[in-house]
Structure formats: structure tokens, C-alpha cells
Amino acid sequence: MILCAGRNETFPFATSIGVGLIETSINLTRLCLFDKPDYIIFVGSAGSYGKYNIFDIVHSSSASNIELGFLEDNCYTPLDNVLKTSNKTFPNDTIVNSSNYITTNEKLAKEFEQYSIGIENMEFFALVQVAKEFDIPIAGIFVVTNYTNKTAHQDFITNHSKAMDKLVDYLYKQNLIKKQ
């Protein structure tokens, strides 16, 4: 099953699951309880911490939930904040960080790379957590729309449409979807 966030990120070949960690958790749990998928491929946009360029396609089977306060040593968590799926990983797998907030502090964004975290997407950590609970293989395919800096939101808006076209084209070339 192919999933996407929804709102301004919808595709005719994907099921919208919600935006952010909470909506995604609720809706994927509901889906799994009533019509459990055999696998999940999540597609969507991401912000780059610096390693990836705008319009790069990034694969992942790993997710983290690390807030900026953690990087500044201003908080801790008793929870496992990095998850790796049990399915086969991609050759150049990167960890996707998820938060309900978009990073705009370029200095702190660079610190994510020290933990091998390359991009951020608001939903992926929640999806990986729920998929693990239901023993469903999951992978993410992302297109970079912006860097995590002060202009992140404006760059996202500017690049979003072209990025979604590039993502759809990539999925088609990989035979994951049929021509729309």
C-alpha cells in the first residue's frame, strides 16, 4: 500500500494518512485494525539538513524523533527515539527525523548530520512505529523540497509542485506506480 500525508500532498495512487505525528498514528492504526496492509511505502516531501540537494530523491527505512532541545542538551527522553525497520534497507539509507515542527535553525540542523540523520519529514517516525507494532514492512521515498533554514517554508512553497512531479516521475520509472 502506498501512503502519503494528505492536505497539499495527495496522489491518485496513494492513501492520505494525515499530517504530523498524531494524525498519522491515529489513522494508520485505524487502517491496520480494519484492513491491515501487507507492506507500506510512504511517499512525500522532506527538508534537507544539508547532505541532500533540492529535488533529490531519498530512500529510508529508519526514522528518529529528535527535537531541537535534545541537540542543545535541554531535554531527555526515556523512549527509543530512533527506529529501524526489520525489512531490507536501501543501499544509501538515511535516517529521517520527524517532529511536528519544521527546523529553521541552520546551525542546529547541521548537528542532525552528526547522528546520520539526513532529512526531516513530519510523518515518517509515527508510520515506522505503528508499522513495527503491526509487523508490516515499511519504507519511505522522499523528495527534498527545502533546506532546514530560515527560508524553509518559502522554499517549500516555491519548490513543492515541481518536487511532487519529480517524485511521481521517479515512482513511475521504478515501476512502483502506473502512468497517471
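Up top is the structure these notes are about.
A. Structural detail: the pattern of salt bridges. Here the structure, examined in full by the defined rule, presents two salt bridges. When the shortest N-O distance is used, the salt bridge between Arg7 and Glu23 registers 2.6 Å. Of this pair, Arg7 sits in the loop between strand E1 (2–4) and strand E2 (15–16) while Glu23 is found in helix H1 (residues 20–35), placing the two residues 16 residues apart along the sequence. With relative accessibility at 63%, the residue Arg7 sits in the exposed group. When its relative accessible area of 30% is taken as the criterion, Glu23 is described as partly exposed. With its nearest N and O atoms 3.1 Å apart, the salt bridge here joins Lys173 to Asp169. Of the two residues, Lys173 and Asp169 both sit in helix H5 (residues 152–173), four residues apart, roughly one turn of that helix. Given a relative accessible area of 59%, Lys173 falls into the exposed group. Using a relative accessible area of 32% as the deciding quantity, one classes Asp169 as partly exposed.

B. Focus on the side chain of Ser99. Mapped onto the fold, Ser99 is located in the loop between strand E7 (95–97) and helix H3 (106–113). When its relative accessible area of 8% is taken as the criterion, Ser99 is described as buried. At a separation of 2.8 Å, a polar atom in the side chain of Ser99 contacts the side chain of Glu67. Within the structure, the side chain of Ser99 is placed 3.1 Å from the backbone nitrogen of Tyr101, a separation counted as a polar contact. Leaving out residues up to four positions away in the same chain, Ser99 has contacts with Leu21, Asn65, Glu67, Asn121 and Met122.

C. Structural context of unusual backbone geometry. Phi at Ser116 is positive, roughly 65 degrees, even though this residue is not glycine. With respect to the helices and strands, the residue Ser116 is situated in the loop between H3 and strand E8 (117–120). Located in the positive-phi region is Asn175, a residue other than glycine, with phi close to 60 degrees. Here Asn175 shows up in the segment after H5.

Cut-offs applied
Residues numbered from 1 in each chain as written. Predicted model: local features only at pLDDT ≥ 70, side-chain atom pairs only at ≥ 80, totals over all residues. Heavy atoms only, no water. Salt bridge = Lys/Arg side-chain N within 4 Å of Asp/Glu carboxyl O. Helix = DSSP H or I, 4+ residues; strand = E, 2+ residues; numbered from the N terminus. Buried < 20%, exposed > 50% of the residue type's maximum accessible area, 1.4 Å probe, protein only. Polar contact = N/O pair within 3.5 Å; in protein donor to acceptor, adjacent residues only side chain to side chain. Contact = heavy atoms within 4.5 Å.

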